[in-house]
Amino acid sequence: MQIPKKDDTLSFNQPKFSPTPIWDSNGITIANESIVGFVPNAIFVNTNNTIYVVNKQNNTVVIWQEESVNPPNIIHGNFSRPNSLFVTSNGDIYVGDGEDNSRVQKWIEETKIFVTVMNINSSCWGLFIDINDTLYCSMFKHCQVVKRSLNGAVMTSNRVAAGTGIQGSASNQLNGPRGIFVDVNLDLYVADCENHRVQLFQLGGSNGITVAGSGSLNPTITLRGPTGILLDADKYLFIVEAGNSRIVSSGLNGFRCLVGCYEEGSHSNQLASPYSFSFDRSGNIFVTDNGNYRIQKFLLMKDSFALSFHQPKFCPTATWNPNGITIANQSIVGQKPTAIFVSTNNTIYVANIENSTIVIWQKESVNPTKNISGSFRQPNSLFVTSNGDIYIDDGYYNGRVQKWIAETNIFVTVMNINSSCDGLFVDINDTLYCSMSKHHQVVKRSLNDSMMTSNPVAAGTGTLGAAPNQLYFPSGIFVDVNFDLYVADCENHRVQLFQSGQSNGIVVAGRTSPHQTIELNYPREIILDAEKYLFVVDQNNHRIIGSGLNGFRCLVGCYGKGLQSNQLFFPHGLSFDRSGNMFVTDQSNHRIQKFNYLKRYCGKLKYNRMK
């Protein structure tokens with residue numbers, strides 16, 4: 001067994017990210033076809049932020065400093081149609097030259113010449129050099145990864161690192177492997193492209209373990225044509241999906257889309273058949289946007305933020321006890337409660353419309369621990385930030401949103417509006433959103449701006465309607481970490497998704513959805529879980545529904561309207577605690593219902609998709 005070298009310096013960047021890093025959804029084009037040629041595949045960013053891209057149209061390696069305004073350095077060689085490259089710490093460049101010349105070449109930084117370092121009988125669609133100076137080549141056409149030690153003076157036959165050489169989906173087989181990555185433990189990760197999975201071959205093992213995609217033993221993510229893979233400092237997996245034109249990653253809360261989350265295209269927030277990517281030392285992402293003939297840079301926006309609410313990760317067959325527990329009745333929350341918020345420390349906040357107070361208690365407490373009174377009247381919505389500040393709707397009578405500052409225990413006005421806010425939300429960039437049902441619009445303003453000027457429009461034209469850019473009595477809103485806005489479009493009986501920067505919404509649930517979803521009747525509130533599955537308060541159907549791998553299904557309140565423990569009567573608000581338990585404002589029953597998450601039943605239940 002080879003022992004990893006303790007003093008080895010990696011030539012590429014493996015940043016350490018916070019648990020929930022985000023990148024700007026809009027990429028910056030740093031090189032176009034005139035620089036990197038037609039359908040660029042391979043990119044490498046080293047630890048001093050030098051960028052290397054193979055231009056296979058004119059058989060060159062293009063090199064430039066990330067922030068440089070000078071023309072790139074161009075290295076010409078006699079390689080042909082290269083699809084991969086790797087750069088070592090001393091500046092040597094390895095280029096796949098197997099399509100026509102059956103070899104891997106090394107450009108030696110010291111002498112500025114090319115030499116052959118590996119003989120192969122197929123193009124290398126992935127190259128990697130591990131910390132023991134072993135060179136790996138991913139042979140797409142031969143369904144195999146081979147390797148050889150660069151410390152040997154004589155180029156003997158290459159050893160098999162993964163795959164039998166026969167295409168297949170068994171654990172010891174590959175089908176069209178592309179990008180590869182070898183960690184410091186000498187474990188090999190392979191983007192098994194045609195099998196739509198990522199395989200891990202542990203040191204010395206011939207059978208791979210599916211760590212993402214089709215055939216994984218644990219729920220991960222559905223992949224379509226993965227081509228590039230990287231690990232960060234914590235061994236979380238980042239994957240380029242050429243087939244879905246996006247980059248996804250794993251993390252504490254499972255997999256999620258990072259960039260290119262808006263279907264294939266040529267806009268700044270889209271990709272078209274991306275192939276490979278690399279990090280710079282700051283954690284910015286560089287992608288070969290193959291189908292758009294460009295290199296896109298996506299800036300790491302915020303690497304340390306904490307959500308103030310829970311987005312649990314549920315099992316595919318998640319179920320809740322159908323019988324709710326009444327944790328607060330009319331004597332505590334007043335008549336027809338609407339807004340509820342459960343913070344990450346399981347503090348519960350409810351707006352009491354009847355006496356214009358905010359009622360606060362710990363989840364396990366029998367009685368409220370605090371009542372906050374203010375000059376607001378009949379609040380319909382509230383939102384609580386991580387520092388305990390409370391945003392409360394005060395628009396119907398007073399034309400404003402107020403903030404109760406936890407540190408000083410005083411209220412201040414943070415937004416001027418001419419309508420009640422039926423939904424409030426503060427995103428991770430401290431932008432406040434207000435859903436104005438009577439004006440058929442969602443507006444927003446940055447809380448970092450000291451001047452309260454007019455509020456920009458986030459969604460809706462201000463005229464009721466059912467067109468993609470219109471809303472009809474919007475209510476609950478949710479903004480995800482990619483700044484995509486989800487709106488419960490009540491009177492249109494649908495949920496609309498307004499992607500960042502777009503004025504036209506996409507119907508993701510309810511009427512006129514391009515995909516079969518579920519019929520809704522006056523959706524009031526919406527939440528996304530950790531995997532971006534949608535939970536909807538379907539008010540006039542007196543139930544809570546959720547999406548998942550098998551489509552939409554009823555979760556609680558599935559027995560018609562009523563006042564029994566398994567029934568709801570015009571529910572309005574919804575929030576999760578850290579355990580995944582569900583808290584619902586059961587409006588016409590004048591109570592708060594808690595439905596316990598039955599995690600012990602995960603994997604034991606099956607549901608039919610609802611029509």
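- In the annotation of an unreviewed UniProt entry, the protein is listed under the name NHL repeat containing protein-like protein and assigned to Adineta steineri.

1. So, the overall build of the protein
Okay, step 1: Scanning the protein for helices and strands turns up 4 helices and 50 strands.
Okay, step 2: The globule rule puts the C-alpha radius of gyration for 611 residues at 25 Å, and the 27 Å found for the protein is close to it.
Okay, step 3: Counting only C-alpha atoms and orienting by the principal axes, one finds that the protein spans roughly 85 × 55 × 45 Å.
Okay, step 4: Across the 611 residues of the protein, 60% fall into the buried class.
Okay, step 5: Residue pairs at least 24 apart in sequence account for 48% of intrachain contacts in the protein once pairs closer than 6 positions are excluded.
Okay, step 6: Accessible surface for the protein amounts to roughly 24,600 Å². Of this, 47% is attributable to carbon and sulfur atoms.
Okay, step 7: Positive and negative charge centroids in the protein, built from 48 and 47 side chains respectively, lie 6 Å apart.

2. Things to note about the pairing of strand S19 (residues 226-231)
Okay, step 1: Along S19, 6 of the 6 residues are buried, which leaves the element largely enclosed by surrounding structure.
Okay, step 2: The pairing of S19 with strand S20 (residues 237-241) spans 5 bridges and is antiparallel. Bridge pairing in S20 links Pro-226 to Glu-241.
Okay, step 3: Once S19 ends, the chain turns through 5 residues before running back antiparallel as S20, passing Lys-235 with a positive phi of about 65°.

3. Focus on the environment of Gly-213
Okay, step 1: Checked against the element boundaries, Gly-213 lands in strand S18 (residues 209-213).
Okay, step 2: Since its relative accessible area comes to 10%, Gly-213 is described here as buried.
Okay, step 3: For the pair formed by Gly-213 and Gly-423, sequence separation is 210 residues and the distance between their alpha carbons is 36 Å.
Okay, step 4: Excluding its chain neighbours within four sequence positions, the residues that come into contact with Gly-213 are His-196, Arg-197, Thr-220, Ile-221 and Leu-223.

4. With respect to the sheet that holds strand S31 (residues 370-373)
Okay, step 1: The 4 strands lie next to each other as S28-S29-S30-S31, forming an open sheet whose pairing is antiparallel. Looking at the sheet topology across the chains shown, the edges are occupied by strand S28 (340-342) and S31. This sheet shows a mean twist of 15° between the axes of neighbouring strands, independent of strand direction.
Okay, step 2: Bridge count for strand S29 (residues 347-352) against strand S30 (residues 357-362) is 6 bridges, and the pairing is antiparallel. What sits directly across from Asn-352, in S30, is Thr-357.

5. Remarks on the packing of aromatic side chains
A ring pair, where both rings are aromatic, is described by two values, the distance of the centres and the angle of the planes.
Okay, step 1: Tallying each qualifying case throughout the model produces 36 aromatic pairs.
Okay, step 2: The interplanar angle of 85° and the centroid separation of 5.2 Å between the aromatic rings of Phe-535 and Phe-576 together place this pair among those described as edge-to-face. Remark: Phe-576 occurs in strand S48 (residues 571-576) and Phe-535 occurs in strand S45 (residues 534-538); sequence separation between them is 41 residues. Like Phe-576, Phe-535 is buried.
Okay, step 3: Over the ring of Trp-125 we find Arg-178; its NZ or CZ atom is 4.4 Å from the centre of that ring.
Okay, step 4: Above the ring of Tyr-397, the side-chain terminus of Arg-377 is found at 3.8 Å from the ring centroid.

6. Remarks on the nonpolar core
Okay, step 1: With 69 residues, the main nonpolar core has Trp-320, Val-442, Leu-485, Leu-534 and Met-582 as its most contacted residues.
Okay, step 2: Contacts of Leu-485, omitting those with residues within four sequence positions, involve Tyr-433, Val-442, Ala-458, Ala-459, Ile-477, Phe-478, Val-479, Gln-496, Leu-497 and Phe-498.
Okay, step 3: Ala-212, Leu-231, Val-287 and Leu-300 belong to the second-largest nonpolar core, a separate cluster that totals 68 residues.

7. Looking at the UniProt feature "repeat: NHL" (unreviewed entry) in the protein
Okay, step 1: UniProt's feature table lists "repeat: NHL" (unreviewed entry) at residues 168-204, 462-501 and 567-598, given in the numbering used throughout.
Okay, step 2: Split by type, residues 168-204 is 0% helix and 43% strand. Its first and last C-alpha atoms lie 20 Å apart.
Okay, step 3: Annotated as residues 567-598, this span is 0% helix and 50% strand, and its ends, taken at the C-alpha atoms, are 18 Å apart.

Criteria and cut-off values
Residues numbered from 1 in each chain as written. Predicted model: local features only at pLDDT ≥ 70, side-chain atom pairs only at ≥ 80, totals over all residues. Heavy atoms only, no water. Helix = DSSP H or I, 4+ residues; strand = E, 2+ residues; numbered from the N terminus. Rg over C-alpha atoms; globule rule 2.2 N^0.38 Å. Buried < 20%, exposed > 50% of the residue type's maximum accessible area, 1.4 Å probe, protein only. Contact = heavy atoms within 4.5 Å. Areas by Shrake-Rupley, 256 points an atom, 1.4 Å probe, with all protein chains shown as cover. Lys, Arg positive; Asp, Glu negative; His and termini not counted. Charge placed at Lys NZ, Arg CZ, Asp CG, Glu CD. Pairing = 2+ DSSP bridges. Axes fitted to C-alpha atoms, helices over the stretch in contact; angles between N-to-C directions. Phe/Tyr/Trp six-rings, centres within 6.5 Å; stacked < 30°, edge-to-face > 60°. Lys NZ or Arg CZ within 6 Å of the ring centre and 35° of its normal. Core = buried A, V, L, I, M, F, W, Y, C linked by side-chain atoms within 4.5 Å. UniProt positions renumbered as here; feature names shortened; annotations may be inferred.

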